[in-house]
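# Structural overview for review
So the chains spell out like this:
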Amino acid sequence: MKALFRKDIYEITTSLKSVILIWLIFPIVAAINPNASYFVLYIGLLAGTLSSTLISYEEREKWPLFAGTLPVSRKQIVTERYLLTLLLVLAATAIGGLVLLSYHLRGYSEYASIGLLVQNFSTSLVMPSLLLPFTYRYGIEKSRYIVMFLVIGIALGSQSLSSIFERKDGIMDPTLPLIVIGCLVLFGLSYLFSVKWYQQHDIA
Amino acid sequence: MVNAIEIRDLCKSYPGFTLDHLNMTLPTGYILGLVGENGAGKSTTIRLLLDLIRRDSGEISVLGNDPAESDASWKNDIGVVLDSMGLPLTVNAVQVGKMMADAFSRWDAEKYDYYLDRFDVPRDRRFGEMSNGTKMKLGIAIALSHDAKLLILDEATNGLDPLVRDDVNEVLMEFTREENRSILISSHIVSDLEKICDYIAFLHKGKLMLCEEKDVLSSQYGILSCSEDVLETVAPEAVIHVTRNTYGCRAVVRRDSIPEGHSADPIMIEELFVLMAKEGEQP
């Protein structure tokens, strides 16, 4: 699995330099201007969708065929991608946390909402959780239609939950931990489906 | 000794194509050439061997492992080069070497360096900027650098110029000089296969037309130039293909069926396969 991680790091650091740039610039913009705190959400969403971007590159490069000739199982291939996604989302959440901490230290505590951090984490994790199983089953092309529905669905979902996420009185809403747990469960179920579907999939 | 590859009654169907009850064996220590026209089923067979696609029915054993049932560690023992190399476009040969060192338990970095030099593969050029031939040479270098017991090459030498192809053929023959090492190679370039293979298998439209020792093939078949009357005395099942002109017939026949007083000219394997494919297309 180390080979798969190394390959992804090479891919991200060479083909996806713009992503790294956004990861560097957006938190700085958000940190400077508390009114642009939503920028931290972007890096989370980028982290969550990076796995699908990588799969899209891989399909173009015919990497799945090559990976199938290596001594790594299909389960390991899927596991690596989910671990990478989780690590990136956690990293994005941590960066978001640092930005919010900077607000708190500079006296802008009203912007340092835990809800924003949870929103960052949950939306970043929900997107790949819903998308990856379909990508492993149908390929990136066919999954694009599913992505469109997902984006609309997530946008509407976030809207309806905004009252929870946007609470700025410094008190954690009791539903926030449940949302985090729900997202983690969804991520776990998504992984199981992806493994099952990718194991049945013909790699052409 | 376990055969390197054993295939029994292997079937796989796609819309418009069926691999039909394929039976084939590659004994350990030998080179088997898989030939056939485009769409004959060569790549499908190889992808089934690697468990890249799932079989509908039949049995497969590769180095004693059933690819669909075994964990992936058995692939440490095989070196594979497919018709298109699926590496990230932005990595160079050095980075590929590091990835492969992480992937294969017996990766030999020195050997990899040796083959990069031997095949003249640039170390600093990105994979996406390499020519198709160089990509293939990189693939062959990878396949040869982790102490594999079996090489599986799918059209791997087709993009190479004749000089490099000759060198690769030499490397492949060197590979099987060591004990217990075998090669399955598919190619359109039958003349290359004729040089290096011990066995030849001919696939046509998803069916195995024959799988035979190369020397037996050359000795069993020949070209009989004769009149129509003489040809009628040859058992029909021994006649593979006939072309007729104003001077008589020219037929590919089994040598053991040639009528007394007549002799058959030798036939090149490439010629035999072209004729057999045409015969297969006849109603």
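Further up the page is the structure itself.
All of the points below concern the structure found in this document. The structure displayed is predicted, hence computed values, not measured ones. (Residues numbered from 1 in each chain as written. Chains lettered and ligands numbered in written order. Predicted model: local features only at pLDDT ≥ 70, side-chain atom pairs only at ≥ 80, totals over all residues. Heavy atoms only, no water.)

### A word on the overall build of chain B
Operational definition: Here a strand is any run of E in DSSP of at least two residues, a helix any run of H or I of at least four, and the numbering for each starts at the N terminus. The globule rule is 2.2 Å times the number of residues to the power 0.38, and the radius of gyration it is compared with is taken over C-alpha atoms. Under the scheme applied here, a residue whose accessible area is under 20% of the maximum for its type counts as buried, over 50% as exposed, and between as partly exposed, the area being computed with a 1.4 Å probe on protein chains only. Using the Shrake-Rupley algorithm and a 1.4 Å probe, accessible areas are obtained, with residue cover drawn only from the displayed protein chains. The charge count includes Lys and Arg as positive and Asp and Glu as negative, but it does not include His or the ends of the chains. Where a charge lies is defined by one atom per residue type, namely NZ (Lys), CZ (Arg), CG (Asp) and CD (Glu).
Along chain B, the regular secondary structure elements total nine helices and 12 strands. Its C-alpha atoms give chain B a radius of gyration of 21 Å, within 12% of the compact-globule value 19 Å for 283 residues. Seen through its principal axes, chain B has C-alpha atoms that stretch 70 × 40 × 40 Å. Taken across its 283 residues, chain B has 54% of its residues classed as buried. Counting only carbon and sulfur atoms, one obtains 46% of the accessible surface of chain B, whose full area is about 12,500 Å². Side-chain charges of chain B comprise 29 positive and 47 negative groups, with the mean position of each set lying 5 Å from the other.

### Structural notes on the pattern of salt bridges
Definition in use: Whenever a carboxyl oxygen of Asp or Glu lies within 4 Å of a side-chain nitrogen of Lys or Arg, that contact is scored as a salt bridge.
If you walk through the whole model with that rule in mind, you get 29 salt bridges over all chains. Where A:Lys2 meets B:Asp102, a salt bridge forms, and the shortest distance between an N and an O atom there is 3.6 Å. Of this pair, A:Lys2 sits in helix H1 (residues 2-15) while B:Asp102 sits in helix H2 (residues 93-103), on two different chains. By relative accessible area, A:Lys2 is classed as exposed at 55%.

### Quick look at helix H1 (residues 42-49) of chain B
Counting buried positions along H1(B) yields seven of eight residues, so the element is predominantly enclosed. The first or second residue beyond H1(B) is B:Asp51, which carries a positive phi of 60°.

### A short note on the nonpolar core
Residues and elements named next belong to chain B. In plain terms, the rule: We call a set of buried Ala, Val, Leu, Ile, Met, Phe, Trp, Tyr and Cys residues a nonpolar core when their side-chain atoms join them within 4.5 Å. Domain delimitation in this document rests on an assignment produced automatically or drawn from a domain database. Every residue pair with non-hydrogen atoms within 4.5 Å of one another is taken to be in contact.
The biggest cluster of nonpolar side chains holds 128 residues, and the ones touching the most others in it are Leu87, Leu138, Ile142, Leu184 and Phe273. A domain-level breakdown of this core finds at least three residues from each of domain 1 (5-205) and domain 2 (217-281). If we skip the residues at most four places from it in the chain, Leu184 touches Ile5, Met24, Leu26, Leu32, Leu34, Ile46, Leu49, Leu150, Leu151, Ile152 and Leu153. In terms of nonpolar packing, the next biggest core, distinct from the first, is built from 12 residues, Leu224, Val234, Ile258 and Ala264 among them.

### Examining the interface of chain B and chain A
We apply this condition: What gets called buried area is simply the loss in accessible area from a 1.4 Å probe that two parts show on being joined, summed for both.
Taken together, the 31 residues of chain B in the interface contact 28 residues of chain A. A buried area of about 2,500 Å², summed over both sides, lies between chain B and chain A, and 61% of it is on carbon and sulfur atoms. Connecting chain B to chain A are three salt bridges. Here A:Asp202 and B:Lys12 are joined by a salt bridge, their closest N and O atoms 2.8 Å apart.

### Description of the sheet that holds strand E4 (residues 57-62) of chain B
Residue and element names in this part refer to chain B. Rule in force here: We treat two strands as partners when DSSP finds at least two bridges between them. A fitted line through C-alpha atoms serves as each axis, taken over the contacting stretch for helices, and the angle formed by two N-to-C directions is quoted from 0 to 180°.
If you walk across this open sheet you meet the three strands as E2-E1-E4, and the pairing is antiparallel. Where the open sheet ends on each side, the last strands, each with one partner, are strand E2 (17-26) and E4. Looking at each pair of strands side by side, their axes are set apart by 25° on average, direction ignored. As paired elements, strand E1 (residues 5-14) and E2 share seven bridges and run antiparallel to each other. By the bridge assignment for E2, Ile7 is matched with Met24.

### A look at the sheet that holds strand E3 (residues 31-35) of chain B
Residue and element names in this part refer to chain B. Read from one edge of the open sheet, six strands run E5-E6-E7-E3-E8-E9, paired in mixed fashion. Looking at which strands have only one partner, the edges of the open sheet turn out to be strand E5 (78-81) and strand E9 (207-213). Along the sheet, successive strands turn relative to each other by an average axial angle of 10°, direction set aside. Strand direction decides the pairing type here: strand E6 (residues 150-154) and strand E7 (residues 182-186), joined by five bridges, are parallel.

### Looking at the layout of surface pockets
Unoccupied space between atoms shows up once a probe the size of one water molecule is rolled over them. So the rule is basically this: A cavity here means a set of points on a 1 Å grid, drawn over the protein atoms and nothing else, where a 1.4 Å probe fits but cannot get out; a pocket is an open set with protein on both sides within 12 Å along at least five of seven lines, and a residue lines either one if it has an atom within 4 Å of a point. Grid points are joined across faces, edges and corners, and a volume is the space filled by probe spheres set on the points. Under the convention adopted here, Pro, Cys and the residues Ala, Val, Leu, Ile, Met, Phe, Trp and Tyr are nonpolar, Asp, Glu, Lys and Arg are charged, and Gly plus all remaining residues are polar.
Within this model, the largest pocket holds a volume of roughly 430 Å³. Along the wall of the largest pocket there are 23 residues; nearest its centre are A:Glu59, A:Pro64, A:Tyr198, A:His201 and A:Ile203. For the lining of the largest pocket, the elements supplying multiple residues, two or more each, are H1, helix H3 (39-61), helix H4 (63-67), helix H5 (74-105) and helix H6 (114-160) of chain A. In terms of residue class, the lining of the largest pocket is made up of 12 nonpolar, three polar and eight charged. In terms of lining residues, the second largest pocket is bounded by 20 residues, among which A:Ser73, A:Arg74, B:Asp51, B:Ser70 and B:Ala72 are the most central.

### Some remarks on the pairing of E1(B)
All names here are of chain B. In terms of strand pairing, E1 meets E4 through five bridges, oriented antiparallel. Directly across from Cys11, in E4, lies its bridge partner Ser57. Where E1 hands over to E2, the hairpin turn is made up of two residues, of which Gly16 adopts a positive phi near 90°.

### Quick notes on a nonpolar patch on the surface
Short version of the rule: The residues that make up patches have over 30% relative accessible area and no salt bridge, and they are joined within 9 Å when like-charged or within 5 Å when they are Val, Leu, Ile, Met, Phe, Trp or Tyr.
A surface patch of nonpolar side chains, about 600 Å² in accessible area, is lined by A:Leu178, A:Ile181, A:Val185, A:Leu189, A:Leu192 and A:Phe193. Tracing the backbone shows A:Leu192 in helix H8 (residues 175-200).

### Concerning the packing of aromatic side chains
Residue and element names in this part refer to chain B. So the rule is basically this: Any pair of Phe, Tyr and Trp rings, taking the six-membered ring for Trp, is counted once the centres come within 6.5 Å. Such a pair is stacked with planes under 30 degrees apart, edge-to-face with planes over 60 apart, and tilted for the rest. Counting as a charge over the ring demands two things of the Lys NZ or Arg CZ atom: a distance within 6 Å of the ring centre and an angle within 35 degrees of the ring normal.
Scanning the entire structure with this criterion turns up 13 aromatic pairs over all chains. Each ring, one from Phe104 and one from Trp107, has its centre 6.3 Å from the other, and the planes form 20°; the classification is stacked. The class for Trp107 is buried, based on a relative accessible area of 14%. The ring of Phe127 carries the charged tip of Lys135 above its face, separated from the ring centre by 5.1 Å. Geometry around Tyr221 places Arg254 over its ring, the cationic atom sitting 5.8 Å from the centre.

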